[in-house]
Amino acid sequence: GAHANSEIVYNIEGKNYQRFEAMVGVNAIKDRDTSSVNFMVYADGVKVYESGVQKVNSPAKRVSVDLTGVKVLKLVSDN
């Protein structure tokens, strides 16, 4: 898990990973039902996924990104 605003960067060069898969969504936090987050995935600096704005009541979204040949994977959550 991570809090918005955050960036997590992985150097995956030479690891031979094929895919990044995840479910993204907003945890229900007491007294924070107005929270919203946008999730993004970058492969070698190119945005390859964006969830759009998600709120506490939004269903989780599936992320599936091809990592063939990717050297740097960056996960971003932004409010």
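Residues numbered from 1 in each chain as written. Predicted model: local features only at pLDDT ≥ 70, side-chain atom pairs only at ≥ 80, totals over all residues. Heavy atoms only, no water.

Engineer: Please explain the nonpolar core as it appears in this structure.
Structural biologist: In globular proteins that are soluble, nonpolar side chains generally tend to be buried together. Phe20, Val41, Tyr49, Val63, Val65, Leu67 and Leu73 are the most contacted members of the largest nonpolar core, which totals 15 residues. Here this core takes 4 residues from strand β3 (residues 36–43), the largest share from any one element. Excluding residues that lie within four positions of it along the chain, Val63 makes contacts with Phe20, Glu21, Ala22, Val24, Val41 and Tyr49. (Core = buried A, V, L, I, M, F, W, Y, C linked by side-chain atoms within 4.5 Å. Buried < 20%, exposed > 50% of the residue type's maximum accessible area, 1.4 Å probe, protein only. Helix = DSSP H or I, 4+ residues; strand = E, 2+ residues; numbered from the N terminus. Contact = heavy atoms within 4.5 Å.)

Engineer: What am I meant to see in the environment of Phe39 here?
Structural biologist: With respect to the element layout, Phe39 can be found in strand β3. Taking the relative accessible area as the measure of exposure, Phe39 reaches 14% and is therefore buried. Taking C-alpha positions, Phe39 is 8.4 Å from Gly25, a pair spaced 14 residues apart along the chain. Phe39 has contacts with Val24, Gly25, Tyr49, Glu50, Ser51, Gln54, Val76 and Ser77, leaving out every residue within four places of it along the chain.

Engineer: Teacher, can you tell me more about the packing of aromatic side chains here?
Structural biologist: Throughout the structure, instances matching the rule amount to 0 aromatic pairs. Here the guanidinium or amino end of Lys74 rests over the ring plane of Tyr42, the centre of that ring lying 4.8 Å away. (Phe/Tyr/Trp six-rings, centres within 6.5 Å; stacked < 30°, edge-to-face > 60°. Lys NZ or Arg CZ within 6 Å of the ring centre and 35° of its normal.)

Engineer: Even after reading the chapter, I still don't get the side chain of Asn38, so can you show me in this structure?
Structural biologist: Residue position: Asn38 is located in strand β3. The buried category is assigned to Asn38, whose relative accessible area is 12%. Leave out the neighbours within four places in its chain, and Asn38 touches Glu50, Ser51, Gly52, Val53, Val76, Ser77 and Asp78.

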